[in-house]
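Listed here are the chains, written in short residue letters.
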Amino acid sequence: MSLPVEIRSRLRLPVMCSPLFIISNPDLVIAQCQAGAIGSFPSLNARPLSQLDEWLNRITEELAAWDRDHPDQPAAPFAVNQIVHRSNDRLEKDLELCEKYKVPMVITSLGAREDVNQAVHGWGGMVMHDVINNRFAHKAIEKGADGLIAVAAGAGGHAGQLSPFALMQEIRSWFDGPLALSGSIASGPSVLAAEAMGADLAYIGSLFIATQEANADAAYKQMIVDSNASDIVYSNLFTGVHGNYLAPSIVKAGMDPANLPESDPSAMNFGSGGNSDKKAWKDIWGCGQGIGAVDAVQSASDAIAKLSEEYQQARRALNAA
């Protein structure tokens, strides 16, 4: 693995939990890290800005207390997702707070910026940049990102369209640094498969929507449990960027998932208000194609324990073959 040893040594299994817009909160991040997976959240989930200070203070203090009480099982590090798109008018202030708390990992999205990478490196942090193709991967590394998150077809959120096999082999042909893979991963064998393709980390999101700590409507969580890959629709209507969404939620909003109009990319807005203020879309629920593996709402620690058990079973089965 190409992960720094100070990160790798704290992981129960090679998993990074993706930052879920609106859904990820301190309860979820702390539970993920204490269970041995890298937890994360989008900085824009903390609204207003003062709440981000409160969240970072709580997360750093509770994880430090966990480490003192569990020296043989320290918590995994946490990450904060920063949208570096030009519409995010909070970016500078959010980065200042990340510096204040020496956030160990920063996930950058929707653009690669040298100044942001330099700022994170200034306090000793590590930058992972998410990309949907090899061209964007090259740009991110050229601009100083430490690692990449390959967002393949089937991922939740703003997903790409490339097969994970294609995307991983193209990136690994030239890049030997930290690499996470995103796209329909929700089981232990899938985590092992991501490693086999060259990933250091499996990047998992949708599984954690259906957890007790997640800031998601109970109906949203149950829809994750009740749905599968065929219930996912790929559209750019709701944010201006293509992403995957639960078709039943689109139907409930009075639209036909099979006949959604195209949106202008200029509709993207990640500022202080952001797309979360667009009430017409508040019940359109994002999700990846891997949810067929999710059969119950559970705690984040139980979800990670199950992943770990499945992962070890898959390793043993592969070694015995």
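Residues numbered from 1 in each chain as written. Predicted model: local features only at pLDDT ≥ 70, side-chain atom pairs only at ≥ 80, totals over all residues. Heavy atoms only, no water.

Trainee: Lay out the packing of aromatic side chains with the relevant residues and their values.
Mentor: Going through the model one piece at a time under the given rule, you end up with 4 aromatic pairs. A ring pair is formed by F41 and W55, whose centres lie 5.5 Å apart and whose planes are at 65 degrees; its orientation type is edge-to-face. With F41 in strand β2 (residues 39-42) and W55 in helix α3 (residues 49-69), this pair connects stretches of sequence that are 14 residues apart. The pair formed by F41 and W55 is uniform in burial state, with each residue classed as buried. Arranged with centres 4.9 Å apart and planes meeting at 70 degrees, the rings of F238 and Y245 form a pair that is edge-to-face. Neither residue differs from the other here; F238 and Y245 are each classed as buried. (Phe/Tyr/Trp six-rings, centres within 6.5 Å; stacked < 30°, edge-to-face > 60°. Helix = DSSP H or I, 4+ residues; strand = E, 2+ residues; numbered from the N terminus. Buried < 20%, exposed > 50% of the residue type's maximum accessible area, 1.4 Å probe, protein only.)

Trainee: Before we move on, could you go through the layout of surface pockets and cite the residues and values that matter?
Mentor: Estimates place the volume of the second largest pocket at around 340 Å³. Together, 18 residues line the second largest pocket, and R10, A76, P77, F78 and P104 are the ones closest to its centre. Elements with a minimum of two residues in the lining of the second largest pocket: α1 (5-8) and α3. A total of 5 residues in the lining of the second largest pocket trace back to one element, the largest contributor, which is α3. Tallied by class, residues from the lining of the second largest pocket come to 12 nonpolar, 3 polar and 3 charged. (1 Å grid on protein atoms, 1.4 Å probe; cavity = no way out; pocket = protein on both sides within 12 Å on 5 of 7 lines; lining within 4 Å. Points joined across faces, edges and corners; volume = space filled by probe spheres on them. Nonpolar A, V, L, I, M, F, W, Y, C, P; charged D, E, K, R; others polar.)

Trainee: Can you lay out unusual backbone geometry for me, pointing to particular residues and giving the numbers?
Mentor: Along the chain, R47 connects to P48 via a cis peptide bond; the corresponding omega equals 5 degrees. For P48, the location among the structural elements is in the loop between β2 and α3. For K102, which is not a glycine, the phi torsion comes out positive at approximately 50 degrees. Mapped onto the fold, K102 is located in the loop between α4 (91-100) and β4 (105-109). Despite not being glycine, S184 shows a phi value in the positive range, around 70 degrees. Its location among the elements puts S184 in the loop between β7 (179-182) and α8 (188-196).

Trainee: Residue-level account of helix α2 (residues 26-34), with values.
Mentor: In terms of burial, α2 is largely enclosed, as 7 of its 9 residues are buried. Taken residue by residue, α2 has P26, L28, V29, I30, A31, Q32 and C33 as its buried positions. The positive-phi residue at the C-terminal boundary of α2 is G36, with phi of around 100 degrees.

Trainee: Report on α4, specifying residues and quantitative values.
Mentor: Those residues of α4 lying buried are L91, D94, L95, L97 and C98. Summarising the axial view, the buried residues of α4 lie within an arc of 160 degrees, below the 170-degree limit, and thus occupy one face. (Arc of directions from axis to C-beta.)

Trainee: Quick rundown of the sheet that holds strand β6 (residues 147-151)? Include the residues and the values.
Mentor: As summarised here, the arrangement of the 8 strands in space is β1-β8-β7-β6-β5-β4-β3-β2, forming an open sheet in which the pairing is parallel. Each having just a single partner strand, β1 (15-17) and β2 make up the two edges of the open sheet. Strand after strand, the sheet turns through a mean of 25 degrees between neighbouring axes, direction not considered. Looking at chain direction, strand β3 (residues 78-83) and β4 are connected through 5 bridges and run parallel. Counted as the bridge partner of Q82 is T108 from β4. (Pairing = 2+ DSSP bridges. Axes fitted to C-alpha atoms, helices over the stretch in contact; angles between N-to-C directions.)

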